[in-house]
Amino acid sequence: MPHSFSIWEKETYYARQDIIIAGAGLMGLWAALELKERSPHLKITIIERKSTPGGASMRNAGFACFGSPTELLSNAKLLGTDAMLQLVETRYKGIEKINASFTAAAIGYDACGGYECINSNTNNGSNWNDELNELNKALAEITGHKQVFTFANEKLVDFGLIGFEGLIQNEMEAALHSGKLVSCLTRKAQDAGITILYGLAICNWEKQGQNICINTLQDISFSAKQLLFCTNAFTSQLLPQLTVTPARGQIILTSPIEGLALKGSFHYELGFYYWRNLGNRILLGGARNLAFDEEETLDLAGSVFIRNALESFLHKHLDTKYPFSIEQHWSGIMGFTQDRKPLVTQISDGIFASIACNGMGVALTPMIAENTAKLMMQYF
């Protein structure tokens with residue numbers, strides 16, 4: 001619930017902060033914890049404009065993954081192989097850090113494995129055996145596993161999937177409950193002495209000597225030595241000089257499906273479609289590649305067009321012996337950079353930003369937070 005301030009609290013918060021972090025989602029929470037771990041004496045307050053994180057952190061699909069084969073191959077062409085592997089390593093270490101920080105039960109972690117569905121045109125005619133062999137060689141140095149990706153075509157029938165010609169398995173990927181992860185990080189931050197205030201939206205800030213005065217729409221002001229923006233796709237509203245493109249991710253959730261055999265997290269078409277089971281329901285998201293321009297929006301309402309496309313996709317690829325209806329739908333807003341790399345930067349004296357995980361916030365934020373803390377601590 002939004003915090004109600006007394007006059008004493010207004011004066012206290014104004015006078016006693018070392019770092020203000022805008023955004024109480026995954027990035028803001030991990031960053032605060034990293035900063036506090038490096039310097040326990042720091043007075044850190046996170047301010048969040050909504051009653052809960054409202055961008056992607058609480059609205060994502062809960063995939064603990066480090067990249068499907070088609071996405072990795074695409075990124076290798078876009079970024080170069082070395083840069084692609086650096087991203088994969090950061091994601092992989094991020095998932096390891098999550099598991100080292102919390103129990104599986106606490107965050108709903110399910111080591112269910114990941115899969116990519118493929119068809120003959122998926123890889124533009126390239127030889128999948130050669131492509132996977134090269135990927136496995138490169139990923140072995142990161143994961144310690146010689147065969148990260150293997151063919152599992154026989155499981156298509158077992159899972160009740162139709163309309164696909166092949167299936168590639170990654171036993172190292174998983175799913176988790178993103179809301180539980182945020183809750184666990186929030187409790188950990190509070191236990192470390194980090195203050196989190198909800199219902200406050202930054203409207204402007206200015207440098208005053210060695211400090212920064214930060215003003216909110218709620219007429220509450222703060223003074224801090226540093227200000228960190230962890231506002232992801234919404235950063236453009238405050239820092240238009242940073243090029244972060246919003247990308248709405250829409251999700252549908254089915255009714256319970258009797259006898260559902262689907263188990264795991266699944267991707268298709270460069271990751272533009274992604275689904276997994278939630279017990280005996282199916283959560284399916286994506287399809288923004290059908291309307292890129294329309295989905296570059298900060299509007300969380302979603303669109304009937306994408307929801308219908310997702311439902312049609314599920315009807316096309318789930319065996320008809322599994323009847324279902326759509327019971328829920330929601331949207332989250334991701335932030336993308338042109339080079340598909342997260343953005344950690346110093347904007348000016350005392351002002352920093354750690355944003356744009358390009359749809360991989362669950363896996364990336366734990367490690368990006370370390371880089372953010374290292375950068376900021378240089379100035380303390």
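Above: the structure in question.
Summary of the structure given here. Note that the structure is a prediction, hence the values are computed from the model and not measured.

### What about the sheet that holds strand E1 (residues 19-22)?
Okay, step 1: Read across the open sheet, the 6 strands follow the order E8-E2-E1-E12-E19-E18; overall the sheet is mixed. Each having just a single partner strand, strand E8 (195-198) and strand E18 (343-348) make up the two edges of the open sheet. Along the sheet, successive strands turn relative to each other by an average axial angle of 20°, direction set aside.
Okay, step 2: Inspection of the sheet shows strand E12 (residues 226-229) paired to strand E19 (residues 351-355) by 3 bridges, in the parallel sense. Within E19, the position partnered with Leu228 by the bridge is Phe352.
Okay, step 3: Contacts from helix H2 (residues 26-38) reach E1, strand E2 (44-48), E8, E12 and E19, with the element oriented near 175° to E2.

### Observations regarding unusual backbone geometry
Okay, step 1: Although it is not a glycine, Asp219 adopts a positive phi angle of roughly 65°.
Okay, step 2: By relative accessible area, Asp219 is classed as exposed at 62%.
Okay, step 3: Of note in this structure, Arg340 is not a glycine but carries a positive phi near 65°.
Okay, step 4: Position of Arg340 among the secondary structure elements: in the loop between strand E17 (326-336) and E18.

### Structural notes on the pattern of salt bridges
Okay, step 1: Across all of its chains, the model carries 10 salt bridges by this definition.
Okay, step 2: Notably, a salt bridge pairs Glu34 with Lys97, separated by 2.2 Å at the nearest N-O pair. Note that Glu34 is positioned in helix H2 and Lys97 in helix H4 (residues 81-101), a separation of 63 residues in sequence. Considered together, Glu34 and Lys97 belong to a single accessibility category, that of buried residues.
Okay, step 3: The closest approach of N and O atoms between Glu295 and Arg248, which form a salt bridge, is 2.9 Å.

Conventions we followed
Residues numbered from 1 in each chain as written. Predicted model: local features only at pLDDT ≥ 70, side-chain atom pairs only at ≥ 80, totals over all residues. Heavy atoms only, no water. Pairing = 2+ DSSP bridges. Helix = DSSP H or I, 4+ residues; strand = E, 2+ residues; numbered from the N terminus. Axes fitted to C-alpha atoms, helices over the stretch in contact; angles between N-to-C directions. Contact = heavy atoms within 4.5 Å. Buried < 20%, exposed > 50% of the residue type's maximum accessible area, 1.4 Å probe, protein only. Salt bridge = Lys/Arg side-chain N within 4 Å of Asp/Glu carboxyl O.

Fair warning: the whole summary comes from geometry, so function is off the table for now.
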